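The lines below spell out each chain.
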Amino acid sequence: MKQIARKIQIAVIALFGMTATVVAQDFLLSQPWSATTTIAPSFAGYTGGGRVFATYRNQWSNMNGSQTGVVGYDQYFHPIRSSFGAVMSYSSQGGGMLSQTQFNVQYNYAVQMSKDWFFRPGLQVGLFYRTIDPSRMVFADQIAVDGSLLPSTAFQATTTQLVRFDAAVSVMFTHPYFFGGVSADRLLGNNISFTDQPETKQNLKLNVFAAGMIPISKGYGKYDPKDDVTFAVLYQWQGQYHQIDIDAMYHRKYFMVGVGYRGIPFHSPEGLSSSDAFKISIGGSYAGFSLSYSYDVSISSLVNISGGSHEIVLSYRFLEKRPNDRSFFCY
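Residues numbered from 1 in each chain as written. Predicted model: local features only at pLDDT ≥ 70, side-chain atom pairs only at ≥ 80, totals over all residues. Heavy atoms only, no water.

1. Overview of the pattern of salt bridges
According to the stated counting rule, one finds ten salt bridges in the structure shown. With a shortest N-O distance of 3.1 Å, arginine 51 and aspartate 74 are connected by a salt bridge. Of this pair, arginine 51 sits in strand E1 (residues 50-59) while aspartate 74 sits in strand E2 (residues 66-77), placing them 23 residues apart in sequence. Judged by its relative accessible area of 3%, arginine 51 is buried. For aspartate 74, a relative accessible area of 0% puts it in the buried group. The salt bridge involving lysine 279 is made with aspartate 245; its shortest N-O contact spans 2.7 Å. A residue pair is termed long-range when its members are at least 10 positions apart, and lysine 279 in strand E14 (residues 275-286) and aspartate 245 in strand E12 (residues 241-252) qualify at 34 residues. Comparing lysine 279 with aspartate 245 shows no difference in burial state: the two are buried. One connected set of salt bridges, linked through shared partners, spans Arg57, Asp245, Asp247, Arg262, Lys279, Asp296 and Glu311. (Salt bridge = Lys/Arg side-chain N within 4 Å of Asp/Glu carboxyl O. Helix = DSSP H or I, 4+ residues; strand = E, 2+ residues; numbered from the N terminus. Buried < 20%, exposed > 50% of the residue type's maximum accessible area, 1.4 Å probe, protein only.)

Structure representation (structure tokens):
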């Protein structure tokens, strides 16, 4: 097991050292629809009231892969048709070898286009703090025949800490049964290299998303059915990296269960599968509180050693005026 862990660590370091796009890649969530403000600032206030949430994700639990924590607040203010939000996240990779803390504030305005359709342009500004711990790195050229570690000059950091400002914009069209939009993040293209040369520019991140609800039975309002099935798609692109999340969720008042897929179906560059994982989620809600859990079943080449990924989301909604004001997609 130690040999496997060592090989994994070497592979991770090789990726960090050889490809800037991997270093610049942002964290992923299996339940992005339970933490929608991580997708786009246009989602702030989308519950029609206020919301606070917390997310914890343990990715590739057997490999010391990555841990991510996110907390957020957002609220819609009806008199000014404006929403404000704040999101803080922390992610750590390779057992603390590479970590990033980020804080963003968000704003959007709800433009009413018709009785049921709204247009929500959004803006996000913030900063992030990134650190690296070279002492945790092990390169292939350091391992001697007898297994001991030799000195390496493969990576020489000139700094171990970075602070950068950043911004994002988004647009979204909403209907009681549908939403769709696009967001662009990492607009400033920051240099996030820990060495003087070469520079590692952070790639623009593009999110394209859409979801629709199919009501099954009537509930307590026109747009608040007792049972519904929701289908959602999120496409994420950043540099050479891109993926699609496809989710289907059944919701019955206090209960939710869902299945999903992450990857690029039918796409195998250089003979390598682009499929990452199947997702299974379950959750419940009561008196404004919601709790959900998801597990990623790996279907990539790491299936036998990754241990999958675990994620849990806790949220609380408040100050919702009436059921028809609520987003159908806020479990």
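Back to the text.
2. Regarding the confidence of the model for the protein
With 73% of its residues at a pLDDT of at least 70, the protein reaches an overall mean of 80. Across the protein, element-level confidence peaks in strand E9 (residues 178-185) with a mean pLDDT of 96 and bottoms out in helix H2 (residues 20-24) with 41. Predicted confidence for residues 1-24 stays below pLDDT 50, and this span has 33 contacts to residues more than four positions away or in other chains. Low pLDDT (under 50) marks residues 323-328, which in the prediction has 23 contacts with non-local residues, meaning those over four places away or in another chain. (pLDDT = per-residue confidence, 0-100. Contact = heavy atoms within 4.5 Å.)

3. Some thoughts on unusual backbone geometry
A positive phi angle, close to 60°, is found at arginine 186, a residue other than glycine. Within the fold, arginine 186 resides in the loop between E9 and strand E10 (205-217). On the basis of relative accessible area, arginine 186 is assigned to the buried category, the value being 3%. For alanine 287, which is not glycine, the phi torsion reads 55° and is therefore positive. Here alanine 287 is to be found in the loop between E14 and strand E15 (289-298). Taking the relative accessible area as the measure of exposure, alanine 287 reaches 56% and is therefore exposed.

4. Overview of the environment of isoleucine 299
Within the fold, isoleucine 299 resides in the loop between E15 and strand E16 (309-318). With 23 residues separating them in the primary sequence, isoleucine 299 and aspartate 276 have C-alpha atoms 5.5 Å apart. Dropping the residues within four chain positions of it, isoleucine 299 is found in contact with Tyr261, Ser275, Asp276, Ala277 and Phe278.

5. So, the nonpolar core
Of all hydrophobic cores here, the largest spans 13 residues; its most connected members are Trp33, Ile39, Phe43, Met172, Phe179 and Phe209. If you list the elements that add at least two residues to this core, you get E10 and strand E11 (227-238). (Core = buried A, V, L, I, M, F, W, Y, C linked by side-chain atoms within 4.5 Å.)

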